[in-house]
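So you can see what is in the structure, the chains are spelled out below.
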Amino acid sequence: MPKYLEYTLKSDSLILGERIKGGIFRPSSKTLRWSTITMALRKWTGNKKLHAAGVLDSYKSNYFVYSPTERFTKISKIPLQVEVLNNVEGRIYIVKNDDLELPNEFKIFLGALISKGFGKCELICNNELEEFKIEQGILNTRIPCEYKEKFSIEEVIKPIYGYLFESTSKTTGFYIKSLFEGSEVKGPVFLLGDNNGG
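Structure report, in brief. (Residues numbered from 1 in each chain as written. Predicted model: local features only at pLDDT ≥ 70, side-chain atom pairs only at ≥ 80, totals over all residues. Heavy atoms only, no water.)

Our next topic: the sheet that holds strand β10 (residues 161-167). Pairing is antiparallel in the open sheet, where three strands are placed in the order β8-β11-β10. A single partner strand is all that each edge strand has here, and the edge strands are β8 (143-144) and β10. (Pairing = 2+ DSSP bridges. Helix = DSSP H or I, 4+ residues; strand = E, 2+ residues; numbered from the N terminus.)

Here it is, written out as structure tokens:
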């Protein structure tokens, strides 16, 4: 059975934007999905084998309006309203492996609009999990199907499928089929919940 490093995460403001074509409102994900936290930690550590997922325990929703500009013309597009999660507290579970070394406390940036001042996160190590309960319940994060064993998901009972983006460089990557929050699974209790948030 895999072992995990559990970190608490705190952030004043996060934008975990959902990918939506068109429209002027961009909601935020209400969970710390595999793609967001794993890609940020891989970039920070340089460890391409790292895997992590997490859950949000509390937050408050607010909204931020900005006008993105065309890259070449510098002309503003239609203003977008973006959902911001404030006063965020959550937990991150990093799959432990032999070549992974992380400090007990460190800071990373997550999500969208980092250049606007969003996304600064403080991580503090809580625990190393070697033994934990496996129960049937509702998944409270997003994990690629091909990596579900890394997160001790033993059985998928009622899946809700979607796609997560795995980057291979700053400009390339691909989408992978994933289990989304709300899926009924048999898995570790620390990744289960109702996903109601703040």
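On inspection of all chains with the given rule, the structure shows seven salt bridges. Here E130 ties to K3 by a salt bridge, and the two come within 4.0 Å at their closest N and O atoms. One end of the pair, E130, is in the loop between β6 (120-129) and β7 (134-138); the other, K3, is in the segment before β1 (4-14), and 127 residues separate them in sequence. The exposure class of K3 is partly exposed, given its relative accessible area of 37%. K30 is the salt-bridge partner of E83, the closest N and O atoms lying 3.0 Å from each other. Of this pair, E83 sits in strand β4 (residues 80-95) while K30 sits in the loop between β2 (25-26) and α1 (34-45), and the two are 53 residues apart along the sequence. The buried category is assigned to E83, whose relative accessible area is 5%. (Salt bridge = Lys/Arg side-chain N within 4 Å of Asp/Glu carboxyl O. Buried < 20%, exposed > 50% of the residue type's maximum accessible area, 1.4 Å probe, protein only.)

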